[in-house]
Amino acid sequence: MAGVRALGALSRITARRYVLSGKIVLNSFDLSFFLARTHVNYEVKEDVAVIRMNDPNSKVNTLSVRMQNEMIEVFNEVLANDAVHSAVLISSKPGCFIAGADINMIQACNTSEEVTKLSQEGQKMFERIEKSPKPIVAAINGSCLGGGLEFAIACQYRVATKSKKTVLGTPEVMLGLLPGAGGTQRLPKMVGIPGAFDMMLTGRNIKADKAKKMGLVHQLVDPLGPGLKSPEERTIEYLEEVAIQCARGIVHKKILLTKKKGMMQKVQDYVMGIAFVRQQIYKNVNGKVMKMSKGLYPAPLKIIESVKAGLEQGPDSGYLAEAQNFGKLAMTSESNALIGLYHGQVACKKNRFGVPERPVKNLAILGAGLMGAGIAQVTVDKGIHTVLKDTTVEGLSRGQQQVYKGLNDKIKKKAITSFERDSTLSSLTGQLDYSGFEKADMVIEAVFEDINIKHRVIKEVEAVIPPHCIFATNTSALPIKDIAAASMRPEKVIGMHYFSPVDKMQLLEIITTDKTSKDTTASAVAVGLKQGKVIIVVGDGPGFYTTRCLAPMLAEAVRVLQEGVNPKKLDALTTGFGFPVGAATLADEVGIDVAAHVAEDLGKAFGSRFGGGNVDVLKTMVERGFKGRKSGKGCYVYTPGLKSKDVNPDIDDLLEKFKLTPNPSVSSDSDVQYRLVSRFVNEAVMCLQEGILNGPVEGDIGAVFGLGFPPCLGGPFRFVDTFGADKLVEKMRRYEEVYGNHFTPCQLLLDHAKDSNKRFHK
Amino acid sequence: MASMLMNSLRCCPPVNPAWAVQYATRSLSTSVQLHAQVQTKSKKTLAKPGVKNIVLVEGVRTPFLLSGTTYADLMPHDLARAALQGLLHKTSLPKDAVDYIIYGTVIQEVKTSNVAREASLGAGFSDKIPSHTVTMACISSNVAMTTGVGLITAGQCDTIVAGGVEFMSDVPIRHSRKMRKTMLALNRAKTLGQRLSLIGSIRMAHLTPELPAVAEFSTAETMGHSADRLAAAFGVTRLEQDEFALRSHTLAKQAQDAGLLSDVISFKVPGRDTVAKDNGIRPSSMEQLAKLKPAFIKPHGTVTAANSSFLTDGASAVLIMSEEKALAMGYKPKAYLRDFVFVSQDPKDQLLLGPAYGTPKVLARAGLTMDDIDVFEFHEAFAGQIMANLKALDSDWFAQTYMGRKVKVGAPAMEKFNLWGGSLSLGHPFGATGCRLVTTVAHRLLKEGGQYGLVAACAAGGQGHAMVIEAYPQ
């Protein structure tokens, strides 16, 4: 029916074109092209054109070239159709309006000019939408991000569903880009300068009700439950009905597009009208950005620049600045790195091992410590019945409280209701014995990192669990095959290395031994994905991948401390390189005792290559009770309730005992940074060389999401590609001369250094 | 369902907004003979061998008044007392002849939390008769009645008085939790210093009172909001809702004028006039109804104040007995209370679909079909809710997808449906409505000569109830 109507409208337009232009050939071509329209279609409902978007080849709509071209065609037809007085723009996909621009479209460009041109085309298209004489209502259900949001805010009116899936935002900054289709120009006018900066600089997702409060959308529609159709289908239909009403309301002047300004708004507008105030805001925001990004990320600065250009020099300069900056940013290595991470993250959210034979419905966790409870926290709200077992009532109730608090904090953020918390907690059982373990599909142990305890636990557990049950061990360094040695069924044993705090850290490192079955791996990955983790699957070995990369860097950090660099300076050097957490702080967070433990274990396993700093420094710190944040003292002193921290005064004499004389030829700030990073990177490359890693993508994801490797560098492998393996090897050779085999580049790195065509990422 | 309403529309020329009146008169006069002739019931009676017959002897209610009107200064048990006294008066029941008294209520007056006991004592029943109070939102008095049925079936009792009461003119408004905590601590404080420091800890914000929530606890959604979403989910239009609301008011007015609402007793309110009639019946016009703005979902919602039930004060009471006891005491029962079910669903998206789930289930239990039913009395929480339920009953897709049935049972015929008005027009004192529905079915069966009646109602919490009532052979 809709098709027929659309065709009818079509024939009218083409007929008219005949008369006007007489280009018969062109028009017949047009018609066949119209018929083949696959992404955008429209239907005229009395006086309202309902424009529906649906990319047939993807789960989400993106502003691809195809989508844009068809949209322009449809838009032209709608404008030309005299029967149509207004239009509604809606997606036929449940859960997605437009997820953004097509990243591949940008990546396919070779010069910044090409990208600038893309941006300008987008700007032009949205300008036409904005200036459309027929009001267009964007009906938003699901993600409305990036270019999608820019499209929506170019429309005259926005209606959004209150669905949990409805999010609005400008995440371009997270890809090292900026909203390049008018976003930097329209947003400040729509939500105010501070609001616009907040959106564009953080890239965060905004839920529908917040968007309404901010003035980003005009009207909200509730999601519907079961009726005469499926809830999803009917909700979209309802949204369309409401949007059509709005469109008619605008045409009939029942809905006014210029809202009466409230007192607050007037005051705000007045204040923002003062050039001095605006200058202060730019300065302030700029300062904040520089402080947070250390100047390593160009995108936020360009966003500020583009907004400023538009507000201070008028829209023409603004749009031009936006397009040009967009072009520049697209060519930066930072953007390349961030987009690489984005693709990597998407890849690591898939299960390459297939669907497990039976889904895990009952999961038992041994040990209700920080880790165990953290794992419970991310599991219990995913519809998996979770058993949390500990050996003491005190330990167990601490763990249960942690899970409760995690959920309760979500209530405060209005992510869930107290009722949802209660019903979620009903799937958590806390216990001290093994009752009910006969129903467990998977057991994750998070007990103390001691091979003897792990062996005892595995034997106890295997006595009570059913044959299909998987035994996963959460360890950061003990080789899984050593743990599995105590198992009667090593094919069911796997390593699941979570990062602390479990509910915040996105990474899960899964470790398989050569005996681990594929189905066991598939099952562990499936559980991890349910828990919302980004997953890398690596081979077994001391320290697996992440811990193994971190250990030499920490060894180097200790040496740097011994050479007289104080912890604050060490932190400044590492964060200055782009690490979100400084090396000294990281050691405190991980725990000095854990670091000592790992350093010793891996030192034994890998020999002198893992040397550098003296392990005794760490051991002495542990002896004196400086175990890091958890004990209140480590490299720093932690006072509860205080955010700022001072360097532990006792650490100086301690380091004095282990003092080393720095070699000035390799002790400049930059050299210290590269000494730390090159050991990390070299070890990562070696993991790939030895087959611990499946590929460079997982290596980059693991390093960035698990260890905080600078995201702007995109991970150790992308760093080698960008920085140049030859240059890195050159630096390492220089350090090697001073410190020996700690800095010997591995074979794979040497291969890359020899042949500049060799790259980890295509 | 829409078509059904449209059919009824077509029966009379839609020249004036009072179409419903005309239509209703016609159906009242014709349907009785019509059904008596055409239909043959799939069952002659629902009596089961070895199961006691339970009968409704009498049912009464106080006039249902808009809250804040004539009853404003009473307390809940006063209303319940009036209903109980009315029942005693109407049945001439000896005051010690009852085995047990059960009342339903929703918003509890904390002073009379077992309102059944306070009311029965106040109504002059023997203090030897135990009584308890039940609650299940809008189907509380249904629970009171079915509890009585259970006691009789179990052989524990022979004579039960069940009823319900709701008093929305006064509701318990509490101090904030923080304030309550301080006040309780103050009780325990031993020294002046302790007391002073507690008093000093009180902040302005602590004085904000806590109103009883009109929202669902589990979802924090108000019922009107949910009703609006439900109406939208089933594609019920504003027009359909307004038409149904107008129908309810028009039919109620007509029933009231014709003296059909014989369950209403007159009640001398202390210090005020005698009340003899429901005061919420206000037949209006479609134009008037169309003017109202949506009350819950703004600006595009469809549920308005006029197509929703209003806050009501009122009480009801019924006398339920085993058949042999009723006959032994010389009563002429009005109806048999037969099969009943309670159902519950998702309190978020299916909050008000109780009738849609309950109706097929109770019919299956009783072995009846939709056509066997002569009298339908559905609780009208919102016009949109009723229309949604009727559409759900009439949808194969809904029956298959959500109820695990092969086919729909079909929607009730409108010419049998809520012919004497409903909760939208008569009022809806939450705890009291169930008894009104059952009594109305019994009275309509007597009046219209049908054999089977069906009561269905929805309730907060996503629950519902349905009961089959059989006419007592006259």
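Residues numbered from 1 in each chain as written. Chains lettered and ligands numbered in written order. Predicted model: local features only at pLDDT ≥ 70, side-chain atom pairs only at ≥ 80, totals over all residues. Heavy atoms only, no water.

A. Main features of helix H8 (residues 193-202) of chain A. Residues and elements named next belong to chain A. The buried count for H8 comes to 7 of 10 residues, which makes it a mostly enclosed element. Listed as buried for H8 are Ile193, Gly195, Ala196, Phe197, Met199, Met200 and Leu201. Immediately beyond the C-terminal end of H8, within one or two residues, lies Gly203, with a positive phi of roughly 70°. (Buried < 20%, exposed > 50% of the residue type's maximum accessible area, 1.4 Å probe, protein only. Helix = DSSP H or I, 4+ residues; strand = E, 2+ residues; numbered from the N terminus.)

B. Region of the structure containing the pairing of strand S9 (residues 335-344) of chain B. Residues and elements named next belong to chain B. In terms of burial, S9 is a largely internal element, 7 of the 10 residues being buried. Sheet analysis places strand S1 (residues 54-61) next to S9, joined by 2 bridges and oriented antiparallel. Residue Val55 lies in a different strand from S9, and its bridge partner there is Tyr336. By the bridge criterion, 8 bridges tie S9 to strand S12 (residues 463-471) in an arrangement that is antiparallel. Of the residues in S12, the one forming a bridge with Ala335 is Ala471. (Pairing = 2+ DSSP bridges.)

C. Expanded view of the sheet that holds strand S3 (residues 86-91) of chain A. Residue and element names in this part refer to chain A. Sheet architecture is open: 6 strands sit in the order S1-S2-S3-S5-S7-S10, paired in mixed fashion. Pairing within the sheet leaves two strands with one partner each, and these edge strands are strand S1 (40-45) and strand S10 (219-221). Sheet twist, expressed as the average angle between the axes of neighbouring strands with direction ignored, equals 20°. Pairing of S1 with strand S2 (residues 48-53) involves 6 bridges; the strand directions are antiparallel. By the bridge assignment for S2, Glu43 is matched with Val50. Contacts from helix H3 (residues 65-80) reach S1, S2, S3 and strand S5 (136-140) within the one sheet, and its direction differs from that of S1 by about 20°. (Axes fitted to C-alpha atoms, helices over the stretch in contact; angles between N-to-C directions. Contact = heavy atoms within 4.5 Å.)

D. Representation of the environment of Val455 of chain B in the model. Residue and element names in this part refer to chain B. Looking at where Val455 falls in the secondary structure, it is placed in strand S11 (residues 452-459). On the basis of relative accessible area, Val455 is assigned to the buried category, the value being 0%. With 13 residues separating them in the primary sequence, Val455 and Val468 have C-alpha atoms 6.5 Å apart. Those residues within four positions of Val455 in sequence are excluded, and the remaining contacts are Asn142, Glu377, Leu437, Val438, Val441, His465, Ala466, Met467 and Ile469.

E. Seen up close, the sheet that holds strand S13 (residues 428-431) of chain A. Residues and elements named next belong to chain A. One open sheet holds the 8 strands; their spatial order is S13-S12-S11-S14-S15-S16-S17-S18, and the pairing between them is mixed. The sheet is open, and its two borders are formed by S13 and strand S18 (534-539), each paired with just one other strand. Geometrically, the sheet is characterised by an average inter-axis angle of 25° between neighbouring strands, direction not taken into account. Across 6 bridges, strand S17 (residues 507-512) lies against S18 in parallel orientation. Bridge pairing links Leu507 to Val534 in S18.

F. Local environment of the UniProt feature "site: Important for hydroxyacyl-coenzyme A dehydrogenase activity" (unreviewed entry) in chain A. If you check UniProt for "site: Important for hydroxyacyl-coenzyme A dehydrogenase activity" (unreviewed entry), the listed places come out as His497 of chain A in our numbering. Once you skip the residues sitting within four places of it in the chain, His497 of chain A turns out to touch Asn474, Thr475, Ser476, Leu508, Glu509, Ile511, Phe544, Thr546 and Thr547 of chain A. (UniProt positions renumbered as here; feature names shortened; annotations may be inferred.)

G. Spatial organisation of the interface of chain A and chain B. Taken together, the contacts link 20 residues of chain A with 17 residues of chain B. The tally of links between chain A and chain B comes to 0 salt bridges. For the side of chain A that touches chain B, the secondary-structure elements that each account for two or more residues are S10 and helix H10 (231-251) of chain A. Considering each element in turn, the side of chain A that touches chain B owes the most residues, 5 residues, to H10 of chain A. Counted by class, the side of chain A that touches chain B contains 10 nonpolar, 6 polar and 4 charged residues. (Salt bridge = Lys/Arg side-chain N within 4 Å of Asp/Glu carboxyl O. Nonpolar A, V, L, I, M, F, W, Y, C, P; charged D, E, K, R; others polar.)

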